[in-house]
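# Fold and geometry: a report
Here are the chains, one letter per residue:
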Amino acid sequence: MTARAAERAGADFVLALNAGRFRAMGGSSPASILPLRDSNAFVEGFGRSEILRSTRLPVFFGACTFNPALDLDAFLDRLKRWGFAGVTNFPSVIHLDEPRRAILEDNKLGYQREVELLMKARQRGLMTIAYTRTQSEARRMVEAGVEAIAMNFNLNPAETAQSASSIGLAELAARTRDIARTVHSIDRNVVCLLGGGPITKPEELMDVCRETGTQGFIGGSSLDRVPLETSVLEMTSGFKTINVLREKVDLLERQLQLNGYRHGVIARSATMNKALDAAKRLAAGTNPVLIVGETGAGKRRVASLVHSLGGRKHRKPVMFPCRPTPGSQNAVALFGLEADKDTRRRISVLETAAETSLVILHVHDLSPGEQDKLADLLETGTYTAQNGATTNRAEAKIIATCTIPARSRPLDWPITARLREAFAGLAIVLPPMRDRLEDLPALIHHFTIETKGNASAGALAIENSAFLALASHSWPGNVRELRHVVEQLAILPADVLIAADHIRSVLGVEPAIQEPTNLSEREWIIDALRRNKLHRGKTARALGLSRKTLYNKIRKLRILE
């Protein structure tokens, strides 16, 4: 349940550690270093049966090297065969007191054996996260080639929100800063993660990461001690929303100031911020720009943003919507028409936009010939009008938008190969709504203000169940669909607490029908078949069954015979 909720909330990976399992059983984190279980067999049991099958996220195996009989090579081969994406050294000798650690070190079962474990894991193509506590340990792991360092300073003795930690936030920040500097002095590409400690809230993480080189957070007991799926979703969303899993908070603040809310472009997710970084870079100069995304992803707003960040922002851009019409209407409007004995000359929109930006909406609606002519313009900077022979130079900055199918690759974009090559390296790919769920709260608030026309409008009163319904929706219409949803929610009375039923009603999603208690199984299925006009696929979805299970029940109960 925790793995599924964390995945929906935007977590980047899942750790399968014996400490988390002990906490779920009512124990505490220090149980992980005691000989209560065969640690590796323990993690294998719940990791393979519960976590790997429940999430699409990369799963790291918390491997214990204390056992002198453990064959590291054979063990790692099994981990890769089972489907684990990475390995981490947990529990580690760093969690033992000095006398007990010294015994393991003397018997060659200490930290060097953990370094060897991760080196061998890297050789097998597995990802690696190294638990460290000191600068020297971090240096050894980085020199061994690990991809990420998890700075962990204690195991929490109790798993309640009021538990005290042996290290405070100030000391945590100082020690974390020193280790991160050591790591990045060797290899800037190694990711520095903070593992647990006294941090229990996103705002505490913000304070620490603002002052250190930390790039992410491993939330063990901070996330899994609350046994409700919605609580895990909310807490993980909080940590993910502040975007420290990819970059420092001060960088996020600069991006928000740059991208702002002036054009209705909201960006707190890493995927959307990546797109807006590209927008800032491509806005400078006279180079053309292609903005691609699924329907409703906000391409027109980003096109306006690109214009406003460029050197021609003081002039209003010229908008040219392409239409899928037969003939040469788009070409005549875009490139102009030379006069002949039957027609008068028509000025092109390229001439109209000479000192500003020309935003070509839906460039995929141009015919293949028109797209190739536009490619010629982008490559040479010149064009000829329809029926014309004179070459004209284009002075406008071209910003084009293109709607692409869901999950399509660049080669599948609905534009010609020549036009795709002309925009090579100049495209901004907007993420779909399903890949930027961290932006949901800010987008909802923004669209609420737009709908009510009041900048001081309060946030909508949305229950946890309603937010979960929003986060679980696939959003085929992307940001445009979300705006329509918020417009309908914003007109509800102010005293209405928005629940999941409101969301499902607005989205047009039917709630799952539960089995009536006063019907037999046979009567229950017959009733569902009747309501769905004998359509077995719809009936299976309504009953919450797979199509195969429904067919088997129909055959077993001799329904429809």
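Residues numbered from 1 in each chain as written. Predicted model: local features only at pLDDT ≥ 70, side-chain atom pairs only at ≥ 80, totals over all residues. Heavy atoms only, no water.

### Focus: the pattern of salt bridges
In total, this model carries 19 salt bridges according to the counting rule given. In this structure, arginine 124 engages aspartate 77 in a salt bridge whose closest nitrogen and oxygen atoms are separated by 2.7 Å. Placement of the pair is arginine 124 in the loop between α6 (111-123) and β4 (127-132) and aspartate 77 in helix α4 (residues 72-82), with a sequence separation of 47 residues. For arginine 124, a relative accessible area of 17% translates into the label buried. Put simply, aspartate 376 and arginine 418 hold a salt bridge, and the shortest N to O gap is 2.4 Å. Of this pair, aspartate 376 sits in helix α17 (residues 368-380) while arginine 418 sits in helix α18 (residues 417-422), placing them 42 residues apart in sequence. When its relative accessible area of 33% is taken as the criterion, aspartate 376 is described as partly exposed. Among the residues examined, arginine 418 registers a relative accessible area of 31% and is labelled partly exposed. (Salt bridge = Lys/Arg side-chain N within 4 Å of Asp/Glu carboxyl O. Helix = DSSP H or I, 4+ residues; strand = E, 2+ residues; numbered from the N terminus. Buried < 20%, exposed > 50% of the residue type's maximum accessible area, 1.4 Å probe, protein only.)

### So, the sheet that holds strand β3 (residues 86-89)
As summarised here, the arrangement of the 7 strands in space is β1-β2-β3-β4-β5-β6-β7, forming an open sheet in which the pairing is parallel. Each end of this open sheet is capped by a strand with a single partner; those strands are β1 (14-16) and β7 (216-218). Neighbour to neighbour, the strand axes of the sheet diverge by 30° on average, direction disregarded. Pairing between strand β2 (residues 59-63) and β3: 4 bridges, direction parallel. When the bridges of β3 are listed, phenylalanine 60 appears paired with glycine 86. Packing against the sheet, helix α3 (residues 39-51) makes contact with β1 and β2, and its axis sits at approximately 165° to β2. (Pairing = 2+ DSSP bridges. Axes fitted to C-alpha atoms, helices over the stretch in contact; angles between N-to-C directions. Contact = heavy atoms within 4.5 Å.)

### A short note on the environment of glycine 537
Along the chain, the position of glycine 537 falls in helix α24 (residues 536-543). For glycine 537, a relative accessible area of 5% puts it in the buried group. Counting along the chain gives 14 residues from glycine 537 to tyrosine 551, while the straight-line C-alpha distance between them is 9.9 Å.

### Re the environment of threonine 2
Structurally, threonine 2 can be placed in helix α1 (residues 2-9). Under the relative-accessibility criterion, threonine 2 is labelled partly exposed at 35%. In this structure, the C-alpha to C-alpha distance between threonine 2 and threonine 55, residues 53 residues apart in sequence, is 9.7 Å.

### Examining the layout of surface pockets
Remark: the empty space left among the atoms is shown by a probe the size of a water molecule rolled over them. A volume near 720 Å³ is recorded for the second largest pocket. What lines the second largest pocket is a set of 26 residues, and nearest its centre among them are Glu7, Arg434, Asp435, Arg436 and Leu437. Mapped onto the lining of the second largest pocket, the elements with two or more residues apiece are α1, α13 (270-283) and α20 (464-472). Sorting elements by how many residues they give to the lining of the second largest pocket places α1 first, with 3 residues. (1 Å grid on protein atoms, 1.4 Å probe; cavity = no way out; pocket = protein on both sides within 12 Å on 5 of 7 lines; lining within 4 Å. Points joined across faces, edges and corners; volume = space filled by probe spheres on them.)

### Comments concerning the packing of helix α21 (residues 478-490) against helix α22 (residues 500-507)
Put simply, α21 and α22 touch, their axes get as near as 10 Å, and they point 125° apart. By the criterion of interaxial angle, the relationship of α21 to α22 is oblique. Handedness of the crossing formed by α21 with α22: right-handed. Contacts from Glu481, Val485, Gln488 and Leu489 of α21 reach α22 at Ile503, Val506 and Leu507. Class assignment of the residues belonging to the contact of α21 with α22 gives a composition of 5 nonpolar, 1 polar and 1 charged. (Parallel < 35°, antiparallel > 145°, perpendicular 65-115°, else oblique. Left-handed = near helix turned anticlockwise from the far one by under 90°. Nonpolar A, V, L, I, M, F, W, Y, C, P; charged D, E, K, R; others polar.)

### What about the nonpolar core?
Core analysis: the biggest nonpolar cluster contains 65 residues, and Val87 and Ile149 have the highest contact counts within it. If you look at the next biggest cluster of nonpolar residues, it comprises 32 residues, including Val318, Phe335, Tyr383 and Ala394. (Core = buried A, V, L, I, M, F, W, Y, C linked by side-chain atoms within 4.5 Å.)

### Section: the packing of helix α19 (residues 440-452) against α20
Running from amino to carboxyl end, α19 crosses α20 at an angle of 105°, the nearest separation of the two axes being 11 Å. Looking at the two axes, α19 sits roughly perpendicular to α20. Here Leu440, Pro441 and Ile444 of α19 come into contact with α20, specifically with Phe467, Leu470 and Ala471. Residue classes in the contact of α19 with α20 are distributed as 6 nonpolar, no polar and no charged.

### A word on the sheet that holds strand β13 (residues 397-403)
Paired through their backbone hydrogen bonds, the strands of a sheet run either parallel or antiparallel. The sheet built from 5 strands is open, its strands ordered β9-β10-β13-β8-β14 with parallel pairing. Every other strand in the sheet has two partners, leaving β9 (318-321) and β14 (427-429) as the edge strands with one partner each. Adjacent strand axes in the sheet meet at a mean angle of 20°, parallel and antiparallel pairs treated alike. Of the strands in this sheet, β8 (289-293), β13 and β14 are in contact with α13, which crosses β14 at around 160°.

### Here we look at α24
Every buried residue belonging to α24 is among Gly537, Thr539, Ala540, Ala542 and Leu543, and all of these are buried. Check the buried side of α24 and you find it contacts α23 (521-531) and α25 (547-556). Looking one or two places after α24, you find glycine 544, whose phi comes out positive at around 75°.

### Considering the packing of aromatic side chains
Note on aromatic pairs: each is described by the distance of the centres and the angle between the planes. Applying the stated criterion to the full structure yields 7 aromatic pairs. With centroids separated by 5.8 Å and ring planes inclined at 80°, the aromatic side chains of phenylalanine 42 and phenylalanine 46 adopt a geometry described as edge-to-face. Of this pair, phenylalanine 42 and phenylalanine 46 are both found in helix α3, 4 residues apart, which corresponds to roughly one turn of the helix. Classification of phenylalanine 46 by relative accessible area gives buried; the value is 8%. (Phe/Tyr/Trp six-rings, centres within 6.5 Å; stacked < 30°, edge-to-face > 60°.)

### Some points on the pairing of β9
Burial along β9 is one-sided: Val318 and Phe320 are buried, while Met319 and Pro321, pointing the other way, are not. Summarising the sheet, β9 and strand β10 (residues 357-361) pair through 4 bridges and their orientation is parallel. Paired with phenylalanine 320 across the two strands is isoleucine 360, which belongs to β10.

### What to know about the environment of leucine 377
Mapped onto the secondary structure, leucine 377 falls in helix α17. Note on leucine 377: relative accessible area 4%, which makes it buried. Taking the C-alpha atoms as reference, leucine 377 lies 9.2 Å from alanine 422; in sequence the two are 45 residues apart. The residues touching leucine 377, leaving out its near neighbours within four places in the chain, are Phe335, Leu350, Thr382, Tyr383 and Ala394.

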